[in-house]
Amino acid sequence: MKFKFAFLIIYIFCGLQIFAQFGQNKVNYKDPDWYFIQTKHFDIYFIRGAESIAEFTAAESEKALLKIQGDINYQIANRISLIVYNSHNEFQETNVTDEYLTRGTGGFTEPFKNRVVFPFEGSYKKFQHVIAHELVHAVMRDMYYGGTIQNIVSRGITLQLPTWFWEGSAEYLSQGWETNTDMFIRNAIMSDALPDIPRLDGYLAYRGGQSLFKFISDTYGRQKIGELMAKIQSLGGLEQGLKAAIGINLEELNERWKKSVKKQFWPDIKDLQDPDVFAKRLTDNKKVGGFYNTGPAISPQGDKIAFISDRDVYLDVYIMDAVEGKILKKIVESGKTTDFEELNLLHPSMTWAPDNKRIALSSKSGGHDVISIINTETEEMYELPVQMSSIESMSWSKDGNKLAFVGQTANQSDIYLYDFTTQNVTNLTNDIFSDNDPAFSPNGNEIIF
């Protein structure tokens, strides 16, 4: 069946912010056929080739919904539509929203019809988390707003909740507490970079919000999360809900939460050294601007480093001197040329050839991920005959004849080997397990991953 979306955007004050996307347009490379399956609570839409992903989504969604409804003590009143894409590149083409979806967007729940939209990105564990995270949003929207914009208008609902509440509750209820957030909060509080609750925005809304809901659960009992959400619904506000469920206001909650985090992590300060004590800083955003410096790849001779930075507004690839950090040249301009639509920011993939001149770089092009070979001296470039849903974590062999990389199909991610001599691609792992970070051994006979 052909499946198309069309909806009218209504500009109303309902907590939804709609921004004009000046200078950006959403390119659609494919016009796929859509199919759907149904479970007790969900209508799951998927593209041909993703049948196994749809079945996984069906099973995990029902399992996650049962747990979420138990945590929140609320039963959904409406069926929920789940729209599943085979890859992040296909997900970026969705017309469920007119906003451009960056590499950092792992899924979203749109408020008009409470539809949940997300991509499969090669890892079933990550996919499981994304499903549960977005379902927390869907259940809460059903609880607070009746599931649709029409209900908000007809009932005159004015309840607005901050981003940290939405994302923090979704993160904690979908995965509890885990290592990455533990490390993030530890670094934030020890470097005096963890803001107060009202200023938990952006990525901090996820990690800080998750920490806050962990504090509520650990201090007052996990059942308090559901009680807090119910009180917010019945009393019509966050502050009122906090007072009724926990007995304190937001300012008092902030003070108790920050003290708890400090008590947990500050003892570690005595065992740590500042990086500037034992290492040389090569980039400094305070001096050159920008926010990201990521994906460093050291050349075989150790004299140069290729890395991605947004110091010139766009995400570009730079070559720096490995001793002093001096920028030698910019070799890729992403977002400003037709050659590079978008770099893989979350999973930067660069590797040097043994000649100390060329690098292999993965990026988005034409709705797929591709591998470009760039001569850093002449800036000549060509693409390998490889197109996949996603390409990450590359490693060039010591003899220069092979390139190992992680590639994703509609059903799994595997480690592949490209042979420069034959131009053949070989799937080395071919299983449903997540395989990451291949690296050639010094003798070139093995790949460690």
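The sections below set out a description of the structure shown in this document. (Residues numbered from 1 in each chain as written. Predicted model: local features only at pLDDT ≥ 70, side-chain atom pairs only at ≥ 80, totals over all residues. Heavy atoms only, no water.)

### A look at the packing of helix H8 (residues 223-235) against helix H9 (residues 238-245)
With their axes 8 Å apart at the nearest point, H8 and H9 run at an angle of 130 degrees to one another. In terms of axis orientation, H8 runs oblique to H9. Taken as a pair, H8 and H9 cross one another with a handedness that is right-handed. Contacts from Lys224, Glu227, Leu228, Lys231, Ile232 and Leu235 in H8 reach Leu238, Gln240, Gly241, Leu242, Ala244 and Ala245 in H9. Here the contact of H8 with H9 is composed, by residue class, of seven nonpolar, two polar and three charged. (Axes fitted to C-alpha atoms, helices over the stretch in contact; angles between N-to-C directions. Helix = DSSP H or I, 4+ residues; strand = E, 2+ residues; numbered from the N terminus. Parallel < 35°, antiparallel > 145°, perpendicular 65-115°, else oblique. Left-handed = near helix turned anticlockwise from the far one by under 90°. Contact = heavy atoms within 4.5 Å. Nonpolar A, V, L, I, M, F, W, Y, C, P; charged D, E, K, R; others polar.)

### Let's talk about the environment of Glu134
Here Glu134 shows up in helix H3 (residues 124-145). The exposure class of Glu134 is buried, given its relative accessible area of 5%. Sequence spacing of Glu134 and Phe291 is 157 residues, and the spatial spacing of their C-alpha atoms is 28 Å. Ignoring sequence-local partners within four residues, the contact set of Glu134 consists of Gly107, Phe108, Thr109, Val116 and Phe118. (Buried < 20%, exposed > 50% of the residue type's maximum accessible area, 1.4 Å probe, protein only.)

### Thoughts on the nonpolar core
Judged by nonpolar contacts, the single largest core of 69 residues is most densely connected at Ile72, Tyr144, Trp164, Phe165, Leu194, Met229 and Leu253. In terms of residue count, H3 provides more of this core than any other element does, 13 residues in total. Excluding its chain neighbours within four sequence positions, the residues that come into contact with Leu253 are Ile197, Leu212, Phe215, Ile216, Leu242 and Ile248. Counting 15 residues, the second-largest nonpolar core is a separate cluster that includes Ile371, Met388, Leu403 and Phe420. (Core = buried A, V, L, I, M, F, W, Y, C linked by side-chain atoms within 4.5 Å.)

### Re the sheet that holds strand E1 (residues 34-38)
Two orientations exist for strands paired in a sheet by backbone hydrogen bonds: parallel and antiparallel. Read from one edge to the other, the open sheet built from five strands follows the order E1-E2-E3-E5-E4, with strand pairing classed as mixed. Edge positions in the sheet fall to E1 and strand E4 (108-110), since each of these pairs with one other strand and no more. For this sheet, the mean inter-axis angle between neighbouring strands, taken without regard to orientation, is 25 degrees. The strands that helix H1 (residues 51-72) touches are E1, strand E2 (42-47), strand E3 (80-85) and strand E5 (115-119); relative to E2, the one it contacts most, it runs at about 155 degrees. The strands touched by H3 within the sheet are E2, E3, E4 and E5, with E5 carrying the most contacts at an inclination of about 165 degrees. (Pairing = 2+ DSSP bridges.)

### Some remarks on H8
Spanning 13 residues, H8 covers 18 Å between terminal C-alpha atoms, matching the ideal 18 Å at 1.5 Å per step. Those residues of H8 lying buried are Lys224, Ile225, Gly226, Leu228, Met229 and Ile232. In this structure, the buried side of H8 is in contact with H1, H3, helix H5 (163-175), helix H7 (203-220) and H9. (Expected span 1.5 Å × (residues − 1).)

### A few points about the packing of aromatic side chains
Within the structure shown, the criterion is met by 23 aromatic pairs. Aromatic side chains Tyr85 and Phe91 sit 6.3 Å apart centroid to centroid with 65 degrees between the ring planes, which places their arrangement in the edge-to-face category. The two residues Tyr85 and Phe91 agree in class, both being buried. Three or more aromatic residues link up through ring pairs in this structure, and these residues are Phe56, Phe118, Phe120, Tyr124 and Phe127. Between the NZ or CZ atom of Arg141 and the centre of the ring of Trp166, over which it lies, the distance is 5.0 Å. Sitting over the face of the ring of Trp177, Lys214 holds its NZ or CZ atom 5.4 Å from the ring centroid. (Phe/Tyr/Trp six-rings, centres within 6.5 Å; stacked < 30°, edge-to-face > 60°. Lys NZ or Arg CZ within 6 Å of the ring centre and 35° of its normal.)

### Focus on the pattern of salt bridges
Counting across every chain of the model gives 21 salt bridges. Note that Glu324 and Lys280 form a salt bridge whose closest N and O atoms lie 3.9 Å from each other. Taken together, the positions of Glu324 in the loop between strand E8 (314-321) and strand E9 (327-333) and Lys280 in the loop between helix H11 (275-278) and helix H12 (285-288) put the pair 44 residues apart, joining distant regions of the chain. Considered together, Glu324 and Lys280 belong to a single accessibility category, that of exposed residues. If you follow the salt bridges from partner to partner, you end up with Asp312, Asp316, Lys330 and Glu333 in one network. (Salt bridge = Lys/Arg side-chain N within 4 Å of Asp/Glu carboxyl O.)

### Some words on the packing of H3 against H8
Across the interface, H3 lies against H8 with an axial gap of 10 Å and an inter-helix angle of 30 degrees. Here Met140, Met143 and Tyr144 of H3 lie close against H8, whose contacting residues are Met229, Ala230, Ile232 and Gln233. Residues of the contact of H3 with H8, tallied by class, amount to six nonpolar, one polar and no charged.

### Topic: the side chain of Asn356
Structurally, the position occupied by Asn356 is in the loop between strand E11 (350-352) and strand E12 (358-365). Taking relative accessible area as the criterion, Asn356 reaches 5% and is therefore assigned buried. When neighbours within four sequence positions are excluded, Asn356 is seen to be in contact with Ser299, Pro300, Gln301, Asp303 and Lys304.

### Some remarks on the environment of Val84
With respect to the helices and strands, the residue Val84 is situated in strand E3. For the pair Val84 and Lys243, spaced 159 residues apart in sequence, the C-alpha to C-alpha distance is 39 Å. Beyond its immediate stretch of four places on either side in the chain, Val84 contacts Trp34, Ile44, Tyr45, Phe46, Ile47, Ile53, Thr57, Phe118 and Phe127.

### Observations concerning the sheet that holds strand E7 (residues 304-312)
The strand order E6-E7-E8-E9 describes an open sheet built from four strands, whose pairing is antiparallel. The sheet terminates laterally at strand E6 (293-298) and E9, the two strands that pair on one side only. For this sheet, the mean inter-axis angle between neighbouring strands, taken without regard to orientation, is 30 degrees.

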